[in-house]
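Listed here are the chains, written in short residue letters.
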Amino acid sequence: MIDVLLYATLAGLGVAAVTGPLGSFIVWRRMAYFGDTLAHSSILGVALALFLSISPTLSVIVICLILALVLVVLQQQKTLASDTLLGILSHTSLAIGLVAMALMPEVKVDLLSLLFGDLLTVNINDVITIYAISVVAILLLLKLWKPLLAMTIHEELAKVEGVPVNAVRTAFMLIIALEIAIAMKVVGVLLITALLVIPAATARRFSQTPEQMAVFASLIGCLAVILGLCASWFIDTPAGPSIVLCAGFLFLISLMKKN
Amino acid sequence: MNAPLVKLSNISKCFNGNTVLSGVDLHLEPGKILTLIGPNGAGKTTLVKIVLGLVEPDEGHVTLHPELRIGYMPQKLHIDPTLPVTLQRFLKLAEPDPRLCLAAAKEVGIEHLIDLPLQSLSGGEMQRALLARAILRKPNFLVLDEPVQGVDVVGQEALYRLIGQLRDRLHCGVLMVSHDLHLVMSATDEVICLNQHICCHGHPDQVSNNPAFLELFGSKTAPYTHNHDHHHDLHGEVIDGVSTNSHSKECRHD
C-alpha cells in the first residue's frame, strides 16, 4: 500500500518540477488558454492511441504538437481572433476524442480518470516515463531559457538580434506537449492548465527575477502535490482535484503578502 | 564602410490585397540620419520591417552592407506585469557584461533606474531603455521606430539630441520613423515623405516646402522654421556659427 503513495508522490513531484519554469512562460506569454486547448486535444491523442494500439504518451505528444503547429499557422493568418480560434479547436478536439472513444465499444475507458487524473494508480513504469520526459523537458527549457525570455519581452527585437524565433517557438510547443503527456496522469486533462498557471502566479509575488519565479513556482507546485496527496490519503478525496485545490489555497495565502 | 548600409530598390508590399508600399527606393549612407515621415497607414513601419528582414517584400530588392550590425528600437514593449524583469536584466539580454549595461544606461541618462522593474518606467524612460539596448549591440546602423512616441515635447527634443550624439559617437547610420516633421527637422540629414510611395525626399527644409508634403499634411501643419544661430549645408552639417542649442523666442517649445 505504501508504494502506491510513494509512486504517486514521485510522479506528482516529477510533473510539478517542470510546471514551474514552463508555467512561468505560459503566464508571461499569456498562453493559458493555448495550453488549455492543447490539453483538451490530448483526449484525441488517447483515442488515437486506443485505435492504433500504441502508447498513449507518444500519441498525446504527437497530437499536441501537431495541433500547436496548426494553431500557430492559423494565428498568423489573423482571420479570427486568437481566443475564438482557440475556443473552436479546444472544444472540437475534445469532442472528437470523446466521440471517437464512444465509437470503440470494445475498449473500456475510464473517462473520469482521463479528465481529472488518476494519480493513485501510477506504477513504477509510469514513474520512469514521467522522469525521463521531465528531464528532457527541463534540459530543453534550460537550453532555450535566454532566447525564450528575449522573445517573451519582444519577439521582433529578439529576431533582429539573431534569435531563431520559429525554431524556439516550435521547441517551446514541444515542451508543452511533453508536459501535457505526463501531467495527464496526475491531474487529468481538464486541470493541467491549473497546475501550470497557479503555482507560477503564486510565485510572482515572491520573485525579483524570472529565474526565481520559475524555481519558486516549481517548489510551490511540489508543495501542492504533497498537500493534495495528503488530503487524498487521509480524507479520501480525488488526488488530481485535491492537488489543484491546494495550489489554489497556496495562491490565496500568497495574496496576503503585501507588495 | 563606404558602401551604403542599406539599399532598397523598387520595393512593393501588399497585405490582403491592400497595397501598403509600391515602388519604394531608399538608400542610407554611414553616419547619416534618414527620417521617414508620413501619415498613419503610410507604410512606414512596414518599410522599416522590410529593412530589418522581419517582413518579406512582394517585389524589389533589399541589399544590406555585409558588415551591418543593426541596433533596433521597436515602437513599444508590452511586457506582462507578471514577468519580474529589471532594466538591468532587460539590457543583459543584449550584453551579458553588467558594466557595459550600466555604461549604456548612463549614456542614455537612465542609470539611476537600473534596478527598477521595467514595467515601472515612464514612457520617456522606456524609450531610453530601448535605445540603450539598441546601442549595446555596438551597431553601425540604428533603426528607430517612432523613437519619441509617448514623450512630452521637451523630452522629444532631448531624445533627438541624444540620437544625434549617438550617431556622432558610433558613426552609425540612423533610420527613424516619425510622424511629426516639426521636431525632427533639426535632428535629421534627410527626410523621406512616405504615403505608400515616396512623395518627396531631400533635406528637411526642402521637404517642408515641397507641394507634395504640404498636400499630404495640409498647410495648417506646415512646419515652423527653427531659428538657429547657424546654418546647415545639404548634408545637415553646420556651416557657420556654433551650435549652442539655444533657441530663439520664436520657438514654441522651451
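Residues numbered from 1 in each chain as written. Chains lettered and ligands numbered in written order. Predicted model: local features only at pLDDT ≥ 70, side-chain atom pairs only at ≥ 80, totals over all residues. Heavy atoms only, no water.

(A) Geometry of the environment of A:Leu22. All names here are of chain A. For Leu22, the position within the fold is in helix 1 (residues 2-28). Spatially, the C-alpha atom of Leu22 lies 7.9 Å from that of Ile175, the residues being 153 residues apart in sequence. Excluding residues that lie within four positions of it along the chain, Leu22 makes contacts with Leu141, Phe172, Ile175, Ile176, Glu179 and Leu196. (Helix = DSSP H or I, 4+ residues; strand = E, 2+ residues; numbered from the N terminus. Contact = heavy atoms within 4.5 Å.)

(B) Summary view of the interface of chain A and chain B. Taken together, the contacts link 22 residues of chain A with 24 residues of chain B. When the area that chain A buries against chain B is broken down by residue, the three leading residues are A:Ile153, A:Val160 and A:Glu161, summing to 30%. Applying the counting rule to chain A against chain B returns four salt bridges. For B:Arg133, the salt bridge is made with A:Glu161, and the minimal N-O distance between the two is 2.9 Å. Our enumeration of links across chain A and chain B arrives at eight residue pairs in polar contact (both at pLDDT 80 or more). Elements with a minimum of two residues in the side of chain A that touches chain B: helix 1, helix 6 (124-153), helix 7 (155-160) and helix 10 (210-235) of chain A. No other element matches the six residues that helix 6 of chain A contributes to the side of chain A that touches chain B. Here the residues of the side of chain A that touches chain B sort into ten nonpolar, five polar and seven charged. (Buried area = accessible area lost by both parts, 1.4 Å probe. Salt bridge = Lys/Arg side-chain N within 4 Å of Asp/Glu carboxyl O. Polar contact = N/O pair within 3.5 Å; in protein donor to acceptor, adjacent residues only side chain to side chain. Nonpolar A, V, L, I, M, F, W, Y, C, P; charged D, E, K, R; others polar.)

(C) Main features of the sheet that holds strand 5 (residues 70-73) of chain B. Residue and element names in this part refer to chain B. Ordered by their spatial adjacency, six strands build an open sheet running 5-6-7-3-8-9, and the pairing between neighbours is mixed. Each of the sheet's edge strands pairs with one partner strand only, and the pair in question is strand 5 and strand 9 (197-202). Each adjacent strand pair in this sheet contributes to an overall mean axis angle of 15 degrees, direction not counted. Judged from the five bridges that link them, strand 3 (residues 33-37) and strand 7 (residues 173-178) form a sheet pairing that is parallel. Within strand 7, the position partnered with Leu36 by the bridge is Val177. Taken strand by strand, helix 1 (residues 44-52) contacts strand 3, strand 5, strand 6 (141-144), strand 7 and strand 8 (190-195), and its axis lies near 155 degrees from that of strand 7. Across the sheet, helix 5 (residues 153-170) touches strand 3, strand 6 and strand 7, and the angle it forms with strand 7 is around 160 degrees. (Pairing = 2+ DSSP bridges. Axes fitted to C-alpha atoms, helices over the stretch in contact; angles between N-to-C directions.)

(D) The confidence of the model for chain A, seen in detail. In the predicted model, chain A carries a mean pLDDT of 92, and the fraction of residues at 70 or more is 99%. Ranking the elements of chain A by mean pLDDT puts helix 5 (residues 111-116) of chain A last, at 87, and helix 10 of chain A first, at 96. (pLDDT = per-residue confidence, 0-100.)

(E) The domain arrangement of chain B, seen in detail. All names here are of chain B. Along its sequence, chain B is organised into domain 1 (6-69 + 140-219) and domain 2 (80-138). Its C-alpha centre places domain 1 at a distance of 25 Å from the equivalent point of domain 2. Listed by partner, the interface residues are 17 residues for domain 1 and eleven residues for domain 2. Summing the contributions of domain 1 and of domain 2, the shared interface buries around 1,100 Å²; its carbon and sulfur component is 60%. It is Arg69, Leu162 and Leu166 that lose the most area in domain 1 upon contact with domain 2, and together they represent 38% of the buried surface on that side. Between Arg169 and Glu107 there is a salt bridge whose closest N-O contact spans 2.5 Å. Counting across the domain 1 and domain 2 interface gives four residue pairs in polar contact (both at pLDDT 80 or more). Within the residue set of the side of domain 1 that touches domain 2, elements represented by two or more residues are strand 6 and helix 5. (Domains from an automatic or database assignment.)

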